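Overview (structure and organization)
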Amino acid sequence: MKEEISKVLETAKNEIEKASSVHELQQLKSRYIGKKSVLNSFMQKISTIPKEERPTFGNILNETKNQISELLLNKEQRIKELEYETTLKTESLDLTMPGRKREKGSLHPITKVWWEIEDIFISMGFEVAEGPDIEDEFHNFDALNTPPDHPARDLSDTFYIDNDVLLRTQTSTVQVRVMQKHKPPIKIISPGSCYRNEHDASHSPMFHQVEALVVDEGVTFTDLRDVLNIFIKKMFGEKIESRFRPHFFPFTEPSAEIDIICVKCYGKGCNLCKGSGWLEMGGAGMVDPNVFDILGIDSKKYTGYAFGLGIDRIAMLKYKIPDMRMLFENDIRFLKQF
Ligand code: DAH
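The notes below deal with the structure included here. (Residues numbered from 1 in each chain as written. Predicted model: local features only at pLDDT ≥ 70, side-chain atom pairs only at ≥ 80, totals over all residues. Heavy atoms only, no water.)

Scanning the chain from terminus to terminus reveals 11 helices and 10 strands. Since a compact globule built from 338 residues should have a radius of gyration of about 20 Å, the 42 Å found for the chain marks it as more spread out than a globular shape. Per-residue burial for the chain yields a buried fraction of 42% across its 338 residues. The contacts in the chain between residues at least 6 apart in sequence include a share of 66% that link residues at least 24 apart. Total accessible area on the chain is roughly 20100 Å²; 52% of this is exposed by carbon and sulfur atoms. Side-chain charges in the chain split into 45 positive and 52 negative, and the spacing between the mean points of these groups amounts to 9 Å. (Helix = DSSP H or I, 4+ residues; strand = E, 2+ residues; numbered from the N terminus. Rg over C-alpha atoms; globule rule 2.2 N^0.38 Å. Buried < 20%, exposed > 50% of the residue type's maximum accessible area, 1.4 Å probe, protein only. Contact = heavy atoms within 4.5 Å. Areas by Shrake-Rupley, 256 points an atom, 1.4 Å probe, with all protein chains shown as cover. Lys, Arg positive; Asp, Glu negative; His and termini not counted. Charge placed at Lys NZ, Arg CZ, Asp CG, Glu CD.)

For the rest of this paragraph, the subject is the pattern of salt bridges. Per the stated rule, a full pass over the model turns up 16 salt bridges. R31 is paired through a salt bridge with E15; the nearest N and O atoms lie 2.6 Å apart. Of this pair, R31 sits in helix α2 (residues 22–32) while E15 sits in helix α1 (residues 2–18), placing them 16 residues apart in sequence. In this structure, D259 and R243 form a salt bridge, with 2.9 Å as the shortest nitrogen-oxygen distance. Here D259 is found in strand β8 (residues 252–261), whereas its partner R243 is found in strand β7 (residues 242–249), with 16 residues between them in sequence. Within the structure, one salt-bridge network assembled from shared partners comprises R243, R245, E257, D259 and E280. (Salt bridge = Lys/Arg side-chain N within 4 Å of Asp/Glu carboxyl O.)

Once that is clear, we can look at the environment of V8. Inspection of the secondary structure assignment puts V8 in helix α1. Owing to a relative accessible area of 11%, V8 belongs among the buried residues under this scheme. Considering only alpha carbons, one finds V8 and P254, 246 residues apart in sequence, at a separation of 110 Å.

Taken together, 15 residues form the shell around the ligand, and within it Q170, S172, R196, Q209 and E211 come nearest. The side chain of S172 places a nitrogen or oxygen atom 2.9 Å from a nitrogen atom of the ligand. One of the backbone nitrogen or oxygen atoms of F307 is found 3.3 Å away from an oxygen atom of the ligand. The fraction of the free accessible surface of the ligand (350 Å²) that becomes covered by protein chains is 91%. At the level of elements, β6 (206–216), β9 (278–287) and β10 (303–310) are the ones that each hand at least two residues to the shell around the ligand. (Near = heavy atom within 4 Å. Polar contact = N/O pair within 3.5 Å; in protein donor to acceptor, adjacent residues only side chain to side chain.)

On to the state of the cysteines, then. Per the stated rule, a full pass over the model turns up 0 disulfides. This cysteine, C262, is not joined by any disulfide, and C265 carries the nearest cysteine sulfur, 3.6 Å off. (Disulfide = S-S within 2.5 Å.)

With that settled, consider the packing of aromatic side chains. Any pair of aromatic rings gets described here by the distance separating the centres and the angle formed by the planes. According to the stated counting rule, one finds 8 aromatic pairs in the structure shown. The interplanar angle of 75° and the centroid separation of 5.2 Å between the aromatic rings of F121 and F126 together place this pair among those described as edge-to-face. Across this residue pair, the class does not change: F121 and F126 are buried. Here the aromatic rings of F121 and F307 are separated by 5.8 Å at their centres, their planes lie at 40°, and the arrangement is tilted. On the criterion of sequence distance, the pair formed by F121 in helix α5 (residues 109–123) and F307 in strand β10 is long-range, its members being 186 residues apart. Each member of the pair F121 and F307 is classed as buried. Here the aromatic residues F121, F126, F231, Y305 and F307 are joined through ring pairs into a cluster of three or more. Lying across the ring of Y266, K239 places its NZ or CZ 4.2 Å from the centre. (Phe/Tyr/Trp six-rings, centres within 6.5 Å; stacked < 30°, edge-to-face > 60°. Lys NZ or Arg CZ within 6 Å of the ring centre and 35° of its normal.)

Dropping the structure here:
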């Protein structure tokens, strides 16, 4: 039996020497010294040999087991070293290669203009008020003196979510919310997103407006003109004049549309202003007493003005962006320029 054991040791030595991977070594380990190994089967035969020979036999078996396990360990270490050396040789690092760049983020042109608008009005004593994008018909239309048969209320113009639930078409909704909550004096601007069913180079189904509302005793149209003039000059430069054209809005009386001198040709006429020398900026007017009455504000005591300007339009003029859709496509090549 001793001879058989030394034969097993010999073959184990050979096979361990030939093994070329850790996986192979694991298989050899279970074959030679594992539970179901050859050496273990010798162990079970120990009862068949004379008692006095058993200790020596046991020693030999243990010795052999230890030797094999040491051989396995040594071989495993050599294999790992070899693997490490080959990785070092094959996976060399090129320290001259350029690293992976992290893109630097920047503010969207609309955010920039939005913040600039807020700063200008805050410097004139306005507070910033916000309202929800999802509105009801009362805040978007009824309270703004817009009758049920007004075309803006049509399903083809306004995005309705449900009966009486819609995406606001104008930030004028916030005037209503502010007047419902606060007594005059009121002096707010309200920037935010609006939604209308329109989509072309100068209209986007989602766009941004800034609304302003001032209510107090003795507020006049002259105040409106002054504030708008100051804003326009601060935004576009001292050279830029503005004018009011008579217009109609259901919630202001009198109402006007605001134009500014073309920022490209300064009034001479060009492709931007389509030859007219003027650019449309938004709507304005004196708050219609009907609106005050609907909201429970004393229309005999108080007067007010309001206006609404397109933030995207201001951004387009300021940064000379020819197509509104570019603002919302999120093309990094475009956005990187700001
Ligand atoms: N909300 C109007 C629009 O979207 C713009 C506007 C006009 C706002 C006159 C006003 C205003 O506050 O007085 O067309």
